[in-house]
Amino acid sequence: MRPPLVLVHGLWDTPRVFRRLIQALEDSDQPLLTPHLPHRLGAVPLRQLARDLDRQIRARFGADQTIDLFGFSMGGVVGRIWLQELNGAQRTRRFFSVGSPQHGTLTAQPIPRALLAGAADMKVGSALLRDLGRSSQALAALDCRSYFCHWDLMVCPYWTAQLPWGDQQVIDVWTHQQLISHPRALNVFREHLTAA
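This report concerns the structure included in the present document.

1. Digging into the pattern of salt bridges
Inference 1: In this structure the tally under the stated criterion is 10 salt bridges.
Inference 2: Between Asp-121 and Arg-113 there is a salt bridge whose closest N-O contact spans 2.6 Å.
Inference 3: Of the residues examined, Asp-121 reaches a relative accessible area of 6% and is grouped as buried.
Inference 4: Beyond isolated ion pairs, a larger network of salt bridges with shared partners links Arg-47, Glu-85, Asp-131 and Arg-134.

Structure below.
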């Protein structure tokens, strides 16, 4: 049996964003956790969300159960914080980062940190992303995969969605939201998530 799969949603989303993905995986025997991480429209710092994620993973699967981690949009950055700063990498087999601004996004540049700290964490060159860049070696032992589309206006330029480790794949869709809802994207994720 594959290890449990944890699905981490992004900004302005809830676990409902994974509804179609979960339907695509409905014949899988893989246990699922889709934690709700209230971000208050981007006001909650991403490190706080990562601590919330850690508590929910521990509550559901204990401290040692190996998992697969799938993060969409901001959820991929929150997942990466958990992996690199909260020892999540030690219990994770695979990390799927989907449309996540791993190197920041220009759309976050004008956001004031004093009002929206979590959204501002996704600025190109933010202190958080610089810290993650310096400690990215923690991801080297994982099966890491980055997915993105060329026309994403939320994560732009699109190459900022690439993790420093692992495989990268362009998904042939037009928008950020289609990365988690379009049948072409869902078919790719189903194939990769259900692989042994």
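Picking up after the structure, the text goes on.
2. Section: the packing of helix H2 (residues 46–61) against helix H3 (residues 74–85)
Inference 1: Where H2 contacts H3, the axes come no closer than 9 Å and their chain directions differ by 70 degrees. Considered as vectors, H2 and H3 are oriented roughly perpendicular to each other. Of H3, the residues touching H2 (which contributes Leu-46, Arg-47, Leu-49, Ala-50, Leu-53, Asp-54 and Ile-57) are Met-74, Val-77, Val-78, Gly-79, Ile-81, Trp-82 and Glu-85.
Inference 2: Along the lines of polarity and charge, the residues of the contact of H2 with H3 split into 10 nonpolar, 1 polar and 3 charged.

3. Let's talk about the side chain of His-176
Inference 1: Here His-176 is to be found in the loop between strand E6 (167–170) and helix H6 (183–193).
Inference 2: Assessed through its relative accessible area of 9%, His-176 is described here as buried.
Inference 3: Side chain to side chain, His-176 and Ser-73 meet in a polar contact 2.8 Å long.

4. Regarding helix H5 (residues 127–134)
Inference 1: If you check which residues of H5 are buried, you get Leu-128, Leu-129 and Leu-132. Buried residues in H5, looked at end-on, bunch into an arc of 95 degrees, giving them a common side.
Inference 2: Where H5 is buried, its residues touch H2 and H3.

Conventions we followed
- Residues numbered from 1 in each chain as written.
- Predicted model: local features only at pLDDT ≥ 70, side-chain atom pairs only at ≥ 80, totals over all residues.
- Heavy atoms only, no water.
- Salt bridge = Lys/Arg side-chain N within 4 Å of Asp/Glu carboxyl O.
- Buried < 20%, exposed > 50% of the residue type's maximum accessible area, 1.4 Å probe, protein only.
- Axes fitted to C-alpha atoms, helices over the stretch in contact; angles between N-to-C directions.
- Helix = DSSP H or I, 4+ residues; strand = E, 2+ residues; numbered from the N terminus.
- Parallel < 35°, antiparallel > 145°, perpendicular 65-115°, else oblique.
- Contact = heavy atoms within 4.5 Å.
- Nonpolar A, V, L, I, M, F, W, Y, C, P; charged D, E, K, R; others polar.
- Polar contact = N/O pair within 3.5 Å; in protein donor to acceptor, adjacent residues only side chain to side chain.
- Arc of directions from axis to C-beta.

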